[in-house]
Amino acid sequence: MKLTKKDILGIKDLSVDEINLILDTAESFIEVSTREIKKVPTLRGKAVVNLFFEASTRTRTSFEIAGKRLSADTINISATTSSVVKGETLIDTARNLEAMNPDAIVIRHSAAGAPHMLARMVKQSIINAGDGAHEHPTQALLDMMTIREKKGKVSGLKVAIVGDIAHSRVARSNIYGLTKMGAHVIVAGPAMMIPRDVGRMGVTVHNSLEEAIKDVDIIMMLRIQLERQQQKIFPSLREYSNFFCLNRQNIKLAKEDVLVMHPGPINRGIEIAPDIADGPYSIILDQVTNGVAVRMALLYLLIGGQR
Amino acid sequence: MKLTKKDILGIKDLSVDEINLILDTAESFIEVSTREIKKVPTLRGKAVVNLFFEASTRTRTSFEIAGKRLSADTINISATTSSVVKGETLIDTARNLEAMNPDAIVIRHSAAGAPHMLARMVKQSIINAGDGAHEHPTQALLDMMTIREKKGKVSGLKVAIVGDIAHSRVARSNIYGLTKMGAHVIVAGPAMMIPRDVGRMGVTVHNSLEEAIKDVDIIMMLRIQLERQQQKIFPSLREYSNFFCLNRQNIKLAKEDVLVMHPGPINRGIEIAPDIADGPYSIILDQVTNGVAVRMALLYLLIGGQR
Amino acid sequence: MKLTKKDILGIKDLSVDEINLILDTAESFIEVSTREIKKVPTLRGKAVVNLFFEASTRTRTSFEIAGKRLSADTINISATTSSVVKGETLIDTARNLEAMNPDAIVIRHSAAGAPHMLARMVKQSIINAGDGAHEHPTQALLDMMTIREKKGKVSGLKVAIVGDIAHSRVARSNIYGLTKMGAHVIVAGPAMMIPRDVGRMGVTVHNSLEEAIKDVDIIMMLRIQLERQQQKIFPSLREYSNFFCLNRQNIKLAKEDVLVMHPGPINRGIEIAPDIADGPYSIILDQVTNGVAVRMALLYLLIGGQR
């Protein structure tokens, strides 16, 4: 099977078969990152542009390492040092990049839909590395890959996602993906952080961490975005933490073999207790490792030519 | 024929033969960027430093892609993240880079003459990627390449350059180049944006867009530098736009097969109407594509060794 | 002989044999940087992350060039554009990088001990590129390499280090290294810039430049950190310069064949007169050249596998 899409814009657009193809391909790349020589010539002569309008270490670095392991050339453009400061529109930036003939453009942007606009406009493959509060498909893919790796399947599992569901692209992409793959998704967070229509996405809603994580196989904690605190979405960090921090007490409510995930960066002691983040339930660093493999898989499937 | 120069500092220093050699070489590289594997081993083991003291997406990216397509290693240094913040002089930065033995240094700097000082001081090949309001030779070369590609020649054409001529390194380099290559250059802009002695550069001067573009083959619109507006060089953007925006009405004054160029980034609706920028006359994106080829040609001719 | 260490954290931890191994290896790499094709395939498929929490042109560029000359992939992360702005701890940044499986991490950080913490935490090789006022081992190694190259030996030489000894990681690393290698080290600076216990490090202390450099073989001038002037460590630049600027008068007190070094960036006319920095005694640019070779040697010895 081949991926017939030009772009990866969101999990919403992917079929179950496509998700499985991506995860299978990613699994086959895991081995490359453990070799003495961590490099295959698959994408030699291809160029991948990382166009980041929001700061990010881990995602940009993960894509850069993924590209380089496949022998692609990688070109980083960050908004702060770019001609975007001269007031150029995203449209013109995109058309200009297109004219330079790279093979793929990875974009992170604060505006929902920015990657989709790019994808309609340019001939290159576009990968959404996070657009506003909309989608973050590579995160959801690496999350599903990690769940599948650790639990042997996704279907039938109970997965709780806890935090600011309403403003989280990680939550949204995972809800699309996990429900498609047959998991039962439960979301929880303070009332103001739960989107009104989330029930229509096929998830169960709770306003308490304790209820949400009861008997679940997976707990996915979301990062509280401290920079949003001024907007008074939640009363205080302390109060948030009192009710929604995953710790060694409340985790006992979940299944005995529960696994804990987090997209990072972690706020230790706010949404997750340090001993949970670093403890035996945590598969947070497996997520990071699998992130490189998933991104290798996407670059390979989109621009790797005939298999 | 070989390029015997060590550096490319400005179009003023180039002979007609040298310009033709560069354009011919660039043409031969166009094909590489359209291959499945967009890479040739020509500059393997060579290192190109992009030393940018002014923000720039397109020029830096264009040089970086050009270098990588030739298999050179590229190293980016931007002033904001460099030890220039520690107060090091350009001279010391240059001497230090020289001591690390790269093969070429591409420099953009707000001070006219900065690349020339570098060229005198270090043994490496220097390419001027824009120095103050002085020269921007790679832009003029890609412009001439694009004109030649579309019109079959440069000689004998009528080319109007419209905008802030006095403060534009793009205008200056193009005036040197186009007049050398036998084109008839007309410049236009508000009185305060026309250099007093521009007539001595062999161009015709007009203060009206309409007069300037009458019967021309090529219209080159310059970017109004919004960041300069505080300096009150022009009364208001609206007023500028009323008199000097190229639109579907006034473009009828030019030849029927007129072509429209712009160095970017574009201010849509200020110096150029959106339907002109994106319309059938526009060869703006061809300029961008040719930019990569011109920069590949320069790197190849300067540091590619014996042919 | 092989280097059995996982990391290079400081000169304090290195034996004389280890220092000699590194310098010998670096010498063998000098030749690579002078070739037509400045590249060897030694580290093909290896990835080196440059993790810089402080701005630096020369050190980051030197490591990047060193990595690329050995065919390693290099990934730059600077704190200002990284998720460190989201408040992630150094620990989590490190663990995340580790999970992406690079081979070495080069770190510069304003906190003394940051590289050591990293080294304990991750499996990758860590190279300290400067930690606070603590150590800057690659600088000391390139300094010793340069002295050995020019004088044929380090042992028995008299070396004066002049400036803000107390806050200089360059001074500290050189004191460890030079005394180990058998040199006699003299330090000098205003009283407030001399650490109280420096005598215990096996050096001679003077409060006058003139006394310090008398009959020495090497003078190493330190950079006055202008950004620290507000802290009133010294009364005024003019006063500092009056007493501690190396110039054509006072240099006559040193041996006739004295050599002058400086880690850069130079403050011309403050700690060193321009005609001394650029004059015949100066080996400042040899230091820069040797810096690339020393960094190639360290990358090779740490992650280059069996010889």
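Refer to the structure above for everything that follows.
What you are looking at is a predicted structure, and each value in this text was computed from that prediction instead of being measured.

Caption draft 1: Local environment of the sheet that holds strand β4 (residues 125-131) of chain A. Residue and element names in this part refer to chain A. Read across the sheet, four strands follow the order β2-β1-β3-β4 without closing on themselves; strand pairing throughout is parallel. Looking at strand neighbours, the two that pair on one side only are β2 (73-78) and β4, the edges of this open sheet. Averaged over all pairs of adjacent strands, the angle between their axes in this sheet comes to 15 degrees, without regard to strand direction. Pairing geometry for strand β3 (residues 104-109) and β4, over five bridges, is parallel. Considered in β4, the bridge of His109 is made with Asp131.

Caption draft 2: Summary view of the relation of the copies chain C and chain A. Superposing chain C onto chain A takes a rotation of 120 degrees combined with a translation of 0.0 Å along the rotation axis, leaving an RMSD of 0.0 Å. In the structure described here, the two chain copies are related by an operation that fits a three-fold rotation axis.

Caption draft 3: How the structure looks around unusual backbone geometry. That bond from B:Gly264 to B:Pro265 is cis: its omega, -10 degrees, falls within 30 degrees of zero. You will see that B:Asp215, though not glycine, has its phi angle at about 60 degrees, which is positive. Its location among the elements puts B:Asp215 in the loop between α7 (209-213) and β8 (218-221). Non-glycine residue C:Asn101 carries a positive phi angle of around 60 degrees. Mapping C:Asn101 onto the fold places it in the loop between α3 (90-99) and β3 (104-109). Exposure remark for C:Asn101: the relative accessible area of 13% places this residue in the buried category.

Caption draft 4: Representation of the pairing of strand β1 (residues 47-52) of chain C within the structure. Residue and element names in this part refer to chain C. In terms of residue burial, β1 counts as a mostly covered element, since six of its six residues are buried. Side chains Ala47, Val49 and Leu51 of β1 all project onto a buried face; the interleaved residues Val48, Asn50 and Phe52 project onto the opposite face, where all are buried too. With six bridges joining them, β1 and strand β2 (residues 73-78) adopt parallel strand pairing. Following the sheet pairing, Leu51 is matched in β2 by Ile77. Crossover connection from β1 via helix α2 (residues 58-69) to parallel β2: handedness right-handed.

Caption draft 5: The sheet that holds strand β8 (residues 218-221) of chain A, seen in detail. Residue and element names in this part refer to chain A. In spatial order, the strands read β7-β6-β5-β8-β9; together these five strands make up an open sheet with parallel pairing. Across the chains shown, the open sheet's two edge strands, defined by having one partner strand only, are β7 (204-206) and β9 (259-261). The mean inter-strand angle of the sheet, taken between neighbouring strand axes irrespective of direction, is 20 degrees. Bridge count for strand β6 (residues 184-188) against β7 is three bridges, and the pairing is parallel. Bridge assignment links Ala188 to a residue of β7, and that residue is His206.

Caption draft 6: Region of the structure containing the interface of chain C and chain A. Counting from both sides, the interface comprises 24 residues of chain C and, opposite them, 27 residues of chain A. Across the chain C to chain A interface the summed buried area is about 2500 Å²; carbon plus sulfur atoms make up 51%. One can count five salt bridges joining chain C with chain A. A:Lys38 is the salt-bridge partner of C:Asp103, the closest N and O atoms lying 2.5 Å from each other. Summed over the shared surface of chain C and chain A, the result is 12 residue pairs in polar contact (both at pLDDT 80 or more). Elements with a minimum of two residues in the side of chain C that touches chain A: β2 and α3 of chain C. For the side of chain C that touches chain A, the per-class residue count stands at eight nonpolar, eight polar and eight charged.

Reading guide: rules and limits
- Residues numbered from 1 in each chain as written.
- Chains lettered and ligands numbered in written order.
- Predicted model: local features only at pLDDT ≥ 70, side-chain atom pairs only at ≥ 80, totals over all residues.
- Heavy atoms only, no water.
- Pairing = 2+ DSSP bridges.
- Helix = DSSP H or I, 4+ residues; strand = E, 2+ residues; numbered from the N terminus.
- Axes fitted to C-alpha atoms, helices over the stretch in contact; angles between N-to-C directions.
- Least-squares fit on C-alpha atoms with pLDDT ≥ 70 in both.
- Buried < 20%, exposed > 50% of the residue type's maximum accessible area, 1.4 Å probe, protein only.
- Right-handed = clockwise from strand over helix to strand, strands pointing away.
- Contact = heavy atoms within 4.5 Å.
- Buried area = accessible area lost by both parts, 1.4 Å probe.
- Salt bridge = Lys/Arg side-chain N within 4 Å of Asp/Glu carboxyl O.
- Polar contact = N/O pair within 3.5 Å; in protein donor to acceptor, adjacent residues only side chain to side chain.
- Nonpolar A, V, L, I, M, F, W, Y, C, P; charged D, E, K, R; others polar.

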